[in-house]
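# Coordinate inspection notes
Here are the chains, one letter per residue:
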Amino acid sequence: MPLQLFDTWTRSVREFTPLKAGEVGLYTCGPTVYNYAHIGNLRTYLFEDGLVRTLKLNGYRVNHVMNITDVGHLVSDGDEGEDKMEAGSRRTGQTAWTIAALYTDAFRADLKALNINEPDVWCKATDHIAEQISFIEEIEKKGYTYRTSDGIYFDTAKQPSYGYLGRLDIAGLQAGARVDLGEKKNATDYALWKFSSPAEKRQMEWDSPWGRGFPGWHIECSAMAHKYLGEYFDIHCGGEDHITVHHPNEISQTEAAYGTRLANFWMHGYFILLNSAKMSKSSGEFLRVQLLIDKGYDPIAYRYLCLTAHYRSQLTFSWDALDAAQTALERLRNTAYGLGAPSTADQDFVGRFMAMLNDDLNFPQALALTYEMLKSDLGAGVKKATLLKFDEAFGLGLAGWVPKVEDVPADVRAVADARWAARNAKNWPEADRLRSELTALGWTMKDGKDNYALTRG
């Protein structure tokens, strides 16, 4: 089955064909590094990692570019309020540059903990100021900008196609704008370049043809995507919150400057909900990967939990759900380990698996197929090879997992060895008796194909 993906631009699932045979250009919106990422943010990166893995399993070479927003993302989408980096600096008492480095490193550590592969290209907004200025100049040449006292703005009224991605009711937004537009001509206009206020000293500001200041949030992605992937590339991804503001603005900038909608496919991952409300940094409990670790969870259990819901459906987080995911993950790991050495993957199951992935990344269905395969009458080596092939998409790290080595007392080890020998000799009454003896000593013995594992309890 050819790869089929949901394109937010067309609001339909359509067949994916790369613009250049065998290669895929992919841009994913990265974090604004003013604080730690919460697990709701990270679900989007898990979806994107699944996309990259699926593309590679289909034989494509992927050039994956991700930005780091370390300047210009204002607290309000209406280009008002404080820059999030400046606010983060004030909150922590450290410089904006220091916290940008701190939270970038923390984000990369979160990716590693969740077994998310890093992009091929990291690009920081502050390293690409010249490219952003050049992009704005191109938009300006085409007549889409105007100047106010606080910046250079994009005039969305000059672009009839503006807002198509989000199916925005432009007339309704204009009529129902509840905020004072100030010097903005239209409710949907947005800043390309903001001037530094004489009343405040910014830590991050640069000279430009229009005056000293800093870039708008949206121009960063357009300029960096253009630099690394060109005027029109294959896939652009982000969270569902980007559908109505950030991505329409990226598209409008590129359409004005170069006449394209930037990407052939626009894909969006949906939110994690906490008590039926969107999970965010302002919610009552700021759930980070480190908090999961502190509570005794393996971060990969959260990855498993996200596999149980389609990326275009919202997923409600609860500790009970994470408990269930951790239990399922542990069972899957032990099953994989117990199967012994892999032989050759079963191509029928692999074909069915790929058809599910190629059906708009249907990981929940693919996960169900995994258990069907494990319950089949395939040989242990074939099951192991097939499972490891599946895990190239799941990213659960099954190939490298081994049971935790316990510090087993000599007397307990002697009983376990005796039971293993009785089991191999098919002396089942003696094997059962010795298992009961191990239980009385506070140990559980798990049999594998070639060995056993002991755990406390």
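As shown above, the structure is provided for reference.
Read on for a plain summary of the structure. (Residues numbered from 1 in each chain as written. Predicted model: local features only at pLDDT ≥ 70, side-chain atom pairs only at ≥ 80, totals over all residues. Heavy atoms only, no water.)

### Some thoughts on the sheet that holds strand β9 (residues 213-215)
Note the threshold: DSSP calls a pair of strands paired once it identifies at least 2 bridges connecting them. Secondary structure elements follow DSSP: runs of H or I no shorter than four residues count as helices, runs of E no shorter than two count as strands, and numbering proceeds from the N terminus. Axis lines are fitted through C-alpha atoms, for helices just across the contact stretch, and the angle between N-to-C directions can take any value from 0 to 180 degrees.
A sheet is described by the order of its strands in space; here four strands give the open sequence β6-β7-β8-β9, paired in antiparallel fashion. A single partner strand is all that each edge strand has here, and the edge strands are β6 (145-148) and β9. Neighbour-to-neighbour, the strand axes of the sheet open up by a mean angle of 25°, direction not taken into account. Summarising the sheet, strand β8 (residues 190-195) and β9 pair through three bridges and their orientation is antiparallel. Within β9, the position partnered with Phe195 by the bridge is Gly213.

### A word on the packing of aromatic side chains
Put simply, the rule reads: Two rings belonging to Phe, Tyr or Trp (six-membered ring only in the last case) form a pair when the distance between their centres is within 6.5 Å. Interplanar angles under 30 degrees mark stacking, angles over 60 mark edge-to-face geometry, and anything in between is tilted. For every residue, the accessible area obtained with a 1.4 Å probe (protein chains only) is divided by the maximum for its type, and the residue is called buried under 20%, exposed over 50%, and partly exposed between those limits. By the criterion adopted, a ring carries a charge over it if an Arg CZ or a Lys NZ lies within 6 Å of its centre and within 35 degrees of its normal.
If you walk through the whole model with that rule in mind, you get 20 aromatic pairs. For the pair Phe135 and Tyr258, a centre-to-centre distance of 5.4 Å together with 75° between the ring planes defines the contact as edge-to-face. In this pair, Phe135 is assigned in helix α4 (residues 129-141) and Tyr258 in helix α7 (residues 246-258), connecting sequence segments 123 residues apart. A relative accessible area of 2% means that Phe135 is categorised as buried. Three or more aromatic residues link up through ring pairs in this structure, and these residues are Phe353, Phe363, Phe390 and Phe394. The positively charged end of Arg202 is found above the aromatic ring belonging to Phe214, 3.6 Å away from the centroid. Taking the ring centre of Trp319 as reference, the NZ or CZ of Lys295 above it sits at 4.9 Å.

### So, the pairing of strand β16 (residues 452-456)
When strand β15 (residues 443-447) meets β16, the two strands line up antiparallel, connected through five bridges. For Asp447, the partnering residue across the bridge sits in β16 and is Tyr452. Taking the residues that link successive antiparallel strands as the turn, the β15-β16 hairpin has four residues.

### Observations regarding the environment of Tyr297
Condition: Residue contacts are defined here by distance: any two heavy atoms, one from each residue, within 4.5 Å place the two residues in contact. Within 3.5 Å is the distance limit for a polar contact, defined as a pair of N or O atoms, with the added protein rule that one can donate a hydrogen and the other accept it, and that residues adjacent in sequence qualify only through two side-chain atoms.
Positionally, Tyr297 belongs in the loop between α8 (289-294) and α9 (299-307). Put simply, Tyr297 and Gln326 are 29 residues apart on the chain and 7.3 Å apart in space, counted from C-alpha to C-alpha. The residues contacting Tyr297, other than those within four sequence positions of it, are Leu292, Trp319, Leu322, Asp323 and Gln326. For Tyr297, the side chain forms a polar contact with the side chain of Asp323, separated by 2.6 Å.

### Here's the deal with the pattern of salt bridges
Note the cut-off: The term salt bridge refers to a side-chain nitrogen of Lys or Arg lying within 4 Å of a carboxyl oxygen of Asp or Glu.
The full count for this structure, using the stated rule, is 24 salt bridges. The salt bridge involving Lys389 is made with Glu392; its shortest N-O contact spans 3.6 Å. Here the residue Lys389 and the residue Glu392 both occupy positions in helix α13 (residues 380-394), the gap between them amounting to three residues, near one helical turn. For Glu392, a relative accessible area of 38% gives the class partly exposed. Connected via shared salt-bridge partners are Arg419, Arg423, Arg435 and Asp447.

### Some remarks on the sheet that holds strand β4 (residues 61-68)
Ordered by their spatial adjacency, five strands build an open sheet running β5-β4-β3-β10-β11, and the pairing between neighbours is parallel. The open sheet has two free edges, formed respectively by β5 (121-124) and β11 (263-269), since each of these has just one partner strand. Each neighbouring strand pair of the sheet contributes to a mean axis angle of 20°, computed without reference to strand direction. Of the pairings in the sheet, the one linking strand β3 (residues 23-28) to strand β10 (residues 233-239) comprises three bridges and is parallel in character. Looking at the pairing, Leu26 lines up with Ile235 of β10.

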